[in-house]
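Per-entry structural report
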Amino acid sequence: MLVVDLDEVAIDSTVDEIAGAGGEAAGYRADVTDEAAVMAMVHQAVDRWGRLDIAHNNAGINDRSQPFHELDLADWNRMIAVNLTSVFLSMKHEIAQMLAQGGGAIVNTSSGAGLVAAPGLPHYTAAKHGVLGLTKAAAQELNGSSIRVNAVLPGMTDTPMIRQWLAENPEIAGVVQSMMPGGKLGLAEEVAEAVVWLCSDHASWVSGESMVVDGGGICR
């Protein structure tokens, strides 16, 4: 497994965790908004393991909540670059490699905001809707090619990014958390289980799926 991030400390920690569980992993620092870096990332994985069978595109950022009409263009551009353009670039080069080798599976991380607007975050909402569009477009185009493309849509999950967002938006934090099933945040491990299943042969007939993993918070 190739662990890719901008944060070298996070890379090392994840690689150590995988190795401690008996897996094989290597770290690679890359900015996935940069197409040259994304190409190099895919080549790094193929050079090491000979193939790219599975890809999980999970890079993402959040932002402070603010009124739509006060959103700065720079904030919009940064959000779209990290949360949407990076997914497009990664898929573009992952798909090229998977077509060359005869198959593979891709899972993209969207969000509950891919279905229901996140309060005060029009740019985050637009990006996460866009991830679902990219997922469906690729799945439709690649139908019959032995490449499956799916998405997971986590609800509020207990991650450092969400904890920071809740701390920065105390006026809505309590309301948001009270709306979560059981009044609690989900766990990253619960989302990861869904990703692993979608990547596995057990999901061999699943492609173009938008799988909500939120404890039933969004039922539609």
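The following paragraphs examine the structure supplied in this document.

Analysis parameters
- Residues numbered from 1 in each chain as written.
- Predicted model: local features only at pLDDT ≥ 70, side-chain atom pairs only at ≥ 80, totals over all residues.
- Heavy atoms only, no water.
- Patch = residues over 30% accessible without salt bridge, like charges linked within 9 Å, V, L, I, M, F, W, Y side chains within 5 Å.
- Areas by Shrake-Rupley, 256 points an atom, 1.4 Å probe, with all protein chains shown as cover.
- Salt bridge = Lys/Arg side-chain N within 4 Å of Asp/Glu carboxyl O.
- Lys, Arg positive; Asp, Glu negative; His and termini not counted.
- Charge placed at Lys NZ, Arg CZ, Asp CG, Glu CD.
- Helix = DSSP H or I, 4+ residues; strand = E, 2+ residues; numbered from the N terminus.
- Axes fitted to C-alpha atoms, helices over the stretch in contact; angles between N-to-C directions.
- Parallel < 35°, antiparallel > 145°, perpendicular 65-115°, else oblique.
- Left-handed = near helix turned anticlockwise from the far one by under 90°.
- Contact = heavy atoms within 4.5 Å.
- Nonpolar A, V, L, I, M, F, W, Y, C, P; charged D, E, K, R; others polar.
- Core = buried A, V, L, I, M, F, W, Y, C linked by side-chain atoms within 4.5 Å.
- Buried < 20%, exposed > 50% of the residue type's maximum accessible area, 1.4 Å probe, protein only.
- Pairing = 2+ DSSP bridges.

**Quick word on a negative patch on the surface**
A contiguous patch of negative charge on the surface is contributed by Asp-5, Asp-7, Asp-12 and Asp-16. Looking at the secondary structure, you find Asp-12 in helix α1 (residues 8-20).

**As for the packing of helix α3 (residues 73-101) against helix α4 (residues 122-141)**
Packing of α3 against α4 brings their axes to within 8 Å, and their N-to-C directions diverge by 15 degrees. The pairing of α3 with α4 is recorded here as roughly parallel in orientation. As α3 packs across α4, the resulting crossing turns out to be right-handed. Counted together, Asp-75, Trp-76, Met-79, Ile-80, Asn-83, Leu-84, Val-87, Phe-88, Met-91 and Ile-95 of α3 and Pro-122, His-123, Tyr-124, Ala-126, Ala-127, Lys-128, Gly-130, Val-131, Leu-134, Thr-135 and Ala-138 of α4 form the full contact between these two elements. Its residues assigned to classes, the contact of α3 with α4 shows 15 nonpolar, 4 polar and 2 charged.

**Points about the nonpolar core**
The tendency in soluble globular proteins is for nonpolar side chains to be buried as a group. Membership of the largest hydrophobic core comes to 25 residues, with the highest contact counts inside it found for Met-91, Ile-106 and Val-149. Elements supplying a minimum of two residues to this core: α2 (35-49), α3, α4 and β5 (147-154). The biggest single contributor to this core is α3, with 7 residues. Setting aside its immediate chain neighbours within four residues, Val-149 contacts Met-91, Ile-106, Asn-108, Thr-135, Ala-138, Ala-139, Leu-142, Ser-207, Gly-208 and Glu-209. Residues Val-107, Val-191, Ala-194 and Cys-199 belong to the second largest nonpolar core, which totals 8 residues.

**Here we look at the pattern of salt bridges**
Summed over all chains, the structure comprises 4 salt bridges. Here Asp-53 and Arg-51 are joined by a salt bridge, their closest N and O atoms 2.9 Å apart.

**Observations regarding the sheet that holds strand β4 (residues 104-109)**
A sheet is described by the order of its strands in space; here 4 strands give the open sequence β3-β4-β5-β6, paired in parallel fashion. Every other strand in the sheet has two partners, leaving β3 (54-57) and β6 (210-213) as the edge strands with one partner each. Looking at each pair of strands side by side, their axes are set apart by 20 degrees on average, direction ignored. Bridge count between β5 and β6: 4 bridges; the pairing is parallel. Residue pairing across strands places Leu-153 opposite Val-212, the latter belonging to β6. With respect to the sheet, α3 is in contact with β3, β4 and β5, its orientation differing from that of β4 by roughly 175 degrees.

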